[in-house]
Amino acid sequence: MIALALSALFLVSSPSQAAAPTRGYVVRTQGTQVWLDLTAADGAAPGRGFQVYAEGESIKHPVTGEELGKAESKVGEGKIEEISEKYSVGRVPEPNPMIATGQRARLLAIVAPPPPVAPVAPTSIRRVGEADLRAPRTRGGALPFVVTGMSVADFDGAGKPQIVLSDETKFRLYAYPAAEHKPLAEGAVVGTGVRIVSLEAADLDGDKKAELFVSAYNEQFRRLETYVFKLAAGKWAKAADLPYLVRAHQNPKGERVVASQQIQDDKTFPFGAVYPLVYKDGKYEQGRPALNPKRADWLYGFTYAQIDAAGEPAALYLTSVNSLRVQFANGHWRSSEGFGQSPIRVRWYDKMLEFHPPMLSTYGDKGFSTFYVVRNLAMLGGLANPFGLFNGGELHAKTWTGVAFETAWKADLGGSSPGFALVEAEPGRKELVVAVAGSTGKSAVWTFDP
């Protein structure tokens, strides 16, 4: 009887085993896409973050024996893009072989947006510390995709600027400055696991209509390449495939140069030299000589500026920790804060290739005037930077004091920015146009007075 009583007491007092949860799982993966069994009823929504994690051993209370849960280790994080009746589709920043079907997943807490601020007149400036905060001239309407690239040029030969915006697989032509939702023409890169990493434009073939250079990462064949498109009869037509990346920067004279770089299947040093892209005998090819300065081996991380009118041009580039470095013939200057920090990135063996926004210098009658650069801001106070998760950004206008760059003014953006350009919107008036990727799965185009 005593034994039976003790047995019954043990059954009552010992913790019961909780049934395995039936929701919160990865149900499929492909490239950077992750399918979850979470729906709107669970709180899933486009733009909301999710986390994939692995469960380990049970954690028990040392005295009561109560099961407190299981040890967890994070496998990856991403954002929800689409919602269906019985599942949702999210995306992680880069292919993650550790994420597999059957692993646990949860939605991340929603961060409350900051309280709204009073609207500011479009051209007003207010003082914030040592830098002015500049409000945009215009804010374009919300576009229903996350922008990964931007290029502004005359694509149809009508003599007016047009703007092309891309997400990971499609690119869309808009009348400048993309205030309307409906694109004038739309194209796409085809293939499994192919995603756009940047856009560039230039009239290299000399027909008065700019070509569109769409650089992309082909995950299936593990290569970085560029597709050349021309606008013909209101539609995009592919003109060439190039085995290298294409990006414009300024040369030591301040001139805009379209450059190219081949990324090789090399674990140790995949970077080929940076060469000008030229059009010769009916085809595109790499010209000579090489363009990249010493210490700068990445096409998306350097430019030049004639800062000192009496001296040699300076090379400006982003370091491995995203500091801005100005390299002179003798000596250098380096920023204490980071710039660039792009969410558009590719893992290449043990290297992370970040497709930084462009950098731009302007000149006046007295020489060098202003240097423009983007500073994207990572989520969670910078902790999400290694994962390429950003929810804010700033456009900085910097002037050279003789010994250092100082921010003359900056603009707070409504999200991160993959790019900007200085455009002559109408004769005699220039403006900065900035592509802004919001944290809710939408984007917009803003303009600023230079």
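Note that this is a predicted model, so its numbers are computed, not measured.

Draft legend 1. Inspection of the overall build of the protein chain at higher detail. Helices and strands together make up the secondary structure of the protein chain, namely one helix and 34 strands. Split into buried and exposed, the 450 residues of the protein chain put 47% on the buried side. Counted over contacts in the protein chain with a minimum sequence separation of 6, partners at least 24 positions apart contribute 50%. When the accessible surface of the protein chain is totalled, it reaches about 22700 Å², and 53% of it is carbon and sulfur.

Draft legend 2. Up close: the pairing of strand β28 (residues 360-364). Where β28 meets strand β29 (residues 367-378), five bridges bridge the pair, whose relative direction is antiparallel. The residue of β29 that forms the bridge with S361 is F371. Hairpin connection, β28 to β29: the antiparallel pair is bridged by two residues.

Draft legend 3. Structural detail: the sheet that holds strand β6 (residues 104-107). Strands sit in the order β1-β2-β5-β4-β3-β6 across an open sheet of six strands; the sheet is antiparallel. The open sheet has two edge strands, β1 (26-30) and β6, and neither has a second partner. Each adjacent strand pair in this sheet contributes to an overall mean axis angle of 40°, direction not counted.

Draft legend 4. Geometry of unusual backbone geometry. Note that the residue after Y176, namely P177, is joined by a cis bond; omega there is 5°. For P177, the position within the fold is in the loop between β12 (170-175) and β13 (185-188). One non-glycine residue, Y349, adopts positive backbone phi at about 55°. Here Y349 falls in the partly exposed class, since its relative accessible area comes to 27%.

Draft legend 5. The arrangement of the pairing of strand β33 (residues 429-437) in detail. For β33, the tally of buried residues reaches seven of nine residues, placing the bulk of the element in the interior. Direction of pairing for strand β32 (residues 416-426) relative to β33: antiparallel, over a ladder of eight bridges. By the bridge assignment for β33, A421 is matched with V433. Between β32 and β33, which pair antiparallel one after the other, the connecting turn spans two residues, and G428 there sits at a positive phi close to 85°. Note: β33 against strand β34 (residues 443-448), six bridges, orientation antiparallel. Opposite V436, over in β34, you have A444 as the bridge partner. What sits between the antiparallel neighbours β33 and β34 is a turn of five residues, in which G441 has the positive phi angle 85°.

Draft legend 6. Representation of the environment of Q51 in the model. Here Q51 lies in strand β3 (residues 49-60). Residue classification places Q51 among the buried residues on the basis of a relative accessible area of 13%. As a C-alpha pair, Q51 and G78 span 27 residues in sequence and 6.6 Å in three-dimensional space. Beyond its immediate stretch of four places on either side in the chain, Q51 contacts K74, G76, E77, R104, A105, R106 and L108. Side-chain polar atoms of Q51 contact the side chain of E77, separated by 3.1 Å. Polar contacts involving the side chain of Q51 include one to the side chain of R106, which spans 2.7 Å.

Draft legend 7. Structural detail: the nonpolar core. Ranked by size, the top nonpolar core spans 23 residues in total, and within it L224, L245, I263, W298, L353 and F355 carry the most contacts. If you list the elements that add at least two residues to this core, you get β19 (256-263), β20 (271-280), β22 (302-305), β23 (314-318) and β26 (345-348). At three residues, β19 tops the list of elements feeding residues into this core. What W298 contacts, discounting residues up to four positions off in sequence, is L245, Q261, I263, F271, L353, E354, F355 and H356.

What counts and how
- Residues numbered from 1 in each chain as written.
- Predicted model: local features only at pLDDT ≥ 70, side-chain atom pairs only at ≥ 80, totals over all residues.
- Heavy atoms only, no water.
- Helix = DSSP H or I, 4+ residues; strand = E, 2+ residues; numbered from the N terminus.
- Buried < 20%, exposed > 50% of the residue type's maximum accessible area, 1.4 Å probe, protein only.
- Contact = heavy atoms within 4.5 Å.
- Areas by Shrake-Rupley, 256 points an atom, 1.4 Å probe, with all protein chains shown as cover.
- Pairing = 2+ DSSP bridges.
- Axes fitted to C-alpha atoms, helices over the stretch in contact; angles between N-to-C directions.
- Polar contact = N/O pair within 3.5 Å; in protein donor to acceptor, adjacent residues only side chain to side chain.
- Core = buried A, V, L, I, M, F, W, Y, C linked by side-chain atoms within 4.5 Å.

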